[in-house]
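Per-entry structural report
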Amino acid sequence: MSRIGDEAGDIASAASSRRHEHYVHKVGKPPKQRLVDEISHTFKETFFHDDPLRPFKDQPKSKMLLLGAQAVFPILEWGRRYKLSMLKGDIIAGLTIASLCIPQDIGYAKLANLDPQYGLYSSFVPPLIYAMMGSSRDIAIGPVAVVSLLLGSMLRAEIDPKLHKDDYERLAFTATFFAGITQFVLGFFRLGFLIDFLSHAAIVGFMGGAAITISLQQLKGLLGIKSARFTKKTDIVSVMRSVWTNANHGWNWQTIVIGVSFLAFLLTAKFIGKKKRKLFWVPAIAPLISVVLSTFFVFITHAEDDGVEIVRHIEKGINPSSLHRIFFSGTYLAKGFKIGAVAGLVALTEAVAIGRTFAAMKDYHLDGNKEMVALGSMNIIGSMTSCYVATGSFSRSAVNYMAGCKTAMSNIVMSMVVLLTLFLITPLFKYTPNAILASIIISAVVGLLDYEAMLLIWKIDKFDFVACMGAFFGVVFIGVEMGLLIAVAISLAKILLQVTRPRIAILGKVPRTSVYRNIQQYPEATKISGLVIVRVDSAIYFSNSNYVRERILRILEDEEEIEKQKIHHLIIDMSPVTDIDTSGIHSMEDLHKALKKRDIELVLANPGQAVLDKLHASDFAEAVGDERIFLGVADAISTLVPKMQP
């Protein structure tokens, strides 16, 4: 009876052992990919990740032709299903943004050191082109403060707008032409990912700095200082010095009263619109009301005789052709290309960010590359019709969205209102005081100083905050171009730092699981005696391969000192290692040799297909041994730990 009981116990024990036996899947050599397939896949993922040709598959030629036309001109797609019920929302939105854009355009043209009519021209032709070619339903097109300031600053560094007005305007059209070419080329060749090198933090800092700079520039108009006495520089020190040196004789009290009064009115209207979303039309119509009231006040009091600066003259009529004024040769050709490329990239970054924001809010897809082609086309055509660089305006797009726009038809409505203004109303702007334009610009750019976003960046990522502040102080204390350069430089520095110094984590076993995680994130995770498990959180390239090897060896030394015992195995979790190059493999080979000298076995866990392919191609997998490459860390532990036990 006792013998039967013993046999039953042995059988139960064996069954239990089989139940708890851990199955270890062998990691074999992955199927070899053809070189052509590999190159094709990489090319497709880089330039055609969204598979833009999918709608054309298995379609008859006539349908493909229609789809092709709709891809270039989205108006053919949404125009076919446009309903009369949509028109009401688009007309209301178009009229609302027109009331906002007309006074803003006159002020923004002054920021670019151009005559007021050029701002209005840029809100007539470009929105029409965009309405036909753009895919965003909400973006409102026209001149914007930041691009106007950047363009004006870079153009003035080459040509004095007062002494050589004609050449200055020609260079502005040339820069606009090349801004459009830059945008079109990036979209056509699907290189839109290049604008992502300017990080969100850098953009927030740059925009905030630009808001301060633009506001300081408006002190000239707000205080009534004559242009000849005011500095041409944009940094805060030069501007404030110029303001205070003109305090005794340069300020005009009537101008200050007009400017400050209406600035208070505009900011109050903005505050009301922000607090009560249903009253979005209040801040939208406030600039036009300010222009009408201030113009009437100056007209009846003849305040211009007391030193109040006024607009005086705006050209009447539709945009004249400017194709013959673009520099296609000579010394200004290269300068126009440089200025246009910079302004075009900044305009593109702003427009795509705005378009994606509102597309996400309304849950529709926005093709970034199509947007670039549309923006580029409108600026190329705009440069030939006396326009300067236009892009998406956040303030106007927000108003457009809240006013209930349904399609890009709202841009067409706005464009028609601007056309009527150019034909009928421009003479009425003669007595509009410059102070009111300064007030409108200041109230418009206040929103660009996003201190809440800056605080959030500080909480999330300190290095991002450095990029943000670098761009901000660069614009404020040095200049717009230098601030932009600092923003790009810090963004690239962050990428390089993350690539060259990847995180390498020490892993431990999370209690009551078979999961291995970073011991800093999970302090309760336990290490296994005689083993060190590390995870490399990056691809291993020439730029970081030496660092990875040296860091791992240093971890081993530190662990041996802490644990006071010999390390027998090093397990590298390669799950996050998306790729490895020749330098990376050489570095792994050097690490393997160094470990052999210390009598430590190298074990690899979960290398991806691309990595495993290269490990086998270089014979490194054979040097490590197939039995030392596992599907995961748990498999490696279940295999190694029993062998380590006496």
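In short, a report on the structure. (Residues numbered from 1 in each chain as written. Predicted model: local features only at pLDDT ≥ 70, side-chain atom pairs only at ≥ 80, totals over all residues. Heavy atoms only, no water.)

Description of the sheet that holds strand β5 (residues 531–536)
The cut-off we apply is this: At least two bridges found by DSSP between two strands are what make those strands a pair. Helix and strand assignments follow DSSP, with helices taken as H or I runs no shorter than four residues and strands as E runs no shorter than two, numbered in order from the N terminus.
Strand order across the open sheet formed by six strands is β4-β3-β5-β6-β7-β8, with mixed pairing between neighbours. At either margin of the open sheet sits one strand with a lone partner, and together these are β4 (516–518) and β8 (629–630). Bridge analysis of β5 against strand β6 (residues 569–573) gives five bridges, and the strand direction is parallel. Paired with Val 532 across the strands is Leu 570, a residue of β6.

Side note on the pairing of β5
The test is simple: Three exposure classes are used, based on accessible area relative to the maximum for each residue type with a 1.4 Å probe and protein chains only: buried under 20%, partly exposed in between, and exposed over 50%. When the strands point away from the viewer, a crossover counts as right-handed if the route from the first strand across the helix to the second turns clockwise.
Counting buried residues along β5, six of its six residues qualify, which places the element largely inside the surrounding structure. Here β5 shows two buried faces, one formed by Leu 531, Ile 533 and Arg 535 and the other by Val 532, Val 534 and Val 536. Note: strand β3 (residues 504–509) against β5, three bridges, orientation antiparallel. Bridge pairing in β5 places Ile 506 opposite Val 534. Once the chain exits β5 it traverses helix α23 (residues 545–563) before rejoining the sheet at β6, and the crossover so formed is right-handed.

A closer look at empty space enclosed by the protein
To keep things clear, this is the line we draw: Cavity and pocket criteria rest on a 1 Å grid covering protein atoms alone: a 1.4 Å probe that fits but cannot get out defines a cavity, protein on both sides within 12 Å along at least 5 of 7 lines defines an open pocket, and an atom within 4 Å of a point defines a lining residue. Grid points are joined across faces, edges and corners, and a volume is the space filled by probe spheres set on the points. Amino acid classes used here: Ala, Val, Leu, Ile, Met, Phe, Trp, Tyr, Cys and Pro are nonpolar; Asp, Glu, Lys and Arg are charged; the rest, including Gly, are polar.
On inspection of all chains with the given rule, the structure shows two cavities of 30 Å³ or more. Each pocket or cavity is described by its volume, and for the largest cavity that value is around 60 Å³. Lining the largest cavity are Ile 506, Leu 507, Gly 508, Lys 509, Tyr 516, Thr 526, Lys 527, Ile 528, Leu 531, Val 532, Ile 533 and Glu 559. Looking at which element gives the most residues to the lining of the largest cavity, the answer is β3, with four residues. Of the residues in the lining of the largest cavity, the class split is seven nonpolar, two polar and three charged. Taken as a whole, the second largest cavity spans an internal volume of roughly 40 Å³. Forming the boundary of the second largest cavity are Leu 198, Ile 203, Phe 206, Met 207, Val 346, Thr 349, Glu 350 and Leu 484. Among the residues making up the lining of the second largest cavity, the classes are represented as six nonpolar, one polar and one charged.

Focus on helix α10 (residues 200–217)
An α-helix turns once every 3.6 residues. As a result, residues three or four positions apart point the same way. Rules: One less than the number of residues in a helix, times 1.5 Å, gives the span that helix is expected to have.
Taking 1.5 Å per residue, 18 residues should reach 26 Å; α10 reaches 25 Å between its end C-alpha atoms and fits that length. Within α10, 14 of the 18 residues are buried, which leaves the element mostly enclosed by the surrounding structure.

A short note on a nonpolar patch on the surface
To be explicit about the condition: Only residues whose relative accessible area exceeds 30% and that form no salt bridge are eligible for patches; like-charged ones are grouped when within 9 Å, while nonpolar side chains (Val, Leu, Ile, Met, Phe, Trp, Tyr) are grouped when within 5 Å. We get accessible surface area from the Shrake-Rupley algorithm with a probe of 1.4 Å; when it comes to residues, only the shown protein chains can shield them. A carboxyl oxygen of Asp or Glu within 4 Å of a side-chain nitrogen of Lys or Arg is what we treat as a salt bridge.
Taken together, the side chains of Phe 193, Leu 194, Phe 197, Val 488, Leu 492, Ile 495 and Val 499 define a hydrophobic patch exposed on the protein surface, amounting to about 500 Å² of accessible area. Inspection of the secondary structure puts Val 499 in helix α22 (residues 480–500). Classification of Val 499 by relative accessible area gives partly exposed; the value is 31%.

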